Amino acid sequence: MSIFVDLHAVAAKLSSEDNRPICACCGKGRLVMIDERPDPNFGILGMFQQTLKCDSAECGNLTIV
């Protein structure tokens, strides 16, 4: 059973990486979250501000959502 648990863990990790959004700047790389903090304006309401970075070596664009 341990093999099936390990395979399931690997499959779950791979599927989450495939669902990352594509960079709007270059259209090639995928966005990776590098920072998350409370929103400066709406943090008191539980909103967060995320900083995403393109994983393409040529781009590296930062996007704040």
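Below is a short write-up of the structure. All residue numbers refer to positions counted from 1 along the written sequence of the respective chain. In view of the model being predicted, local features appear only for residues whose pLDDT reaches at least 70, and side-chain atom pairs are presented and counted only at 80 or more, with totals across whole chains, interfaces and linings using the full set of residues. For the side-chain quantities, the full set of heavy atoms in the structure was used; hydrogens and water were omitted.

Things to note about the state of the cysteines
Here, a disulfide means two cysteine sulfur atoms that sit within 2.5 Å of each other. Counted under the stated rule, the structure contains 0 disulfides. The closest cysteine sulfur to the non-disulfide-bonded Cys25 is located on Cys59, 4.2 Å from its own sulfur. Of all cysteine sulfurs, the one in Cys54 lies closest to Cys26, which takes part in no disulfide; the gap is 3.7 Å. Here's how the labels work: a residue is buried when its accessible area is under 20% of the maximum for its type, exposed when over 50%, partly exposed in between, all with a 1.4 Å probe on protein chains only. In this structure Cys26 comes out as partly exposed when scored by relative accessible area, which is 30%.

Some words on the environment of Lys28
By the criteria applied, helices consist of DSSP H or I runs no shorter than four residues and strands consist of E runs no shorter than two, each listed in order from the N terminus. Here Lys28 lies in the loop between α1 (2-18) and β1 (31-38). Each C-alpha atom, one on Lys28 and one on Cys54, is 8.8 Å from the other, the two residues being 26 residues apart in sequence.

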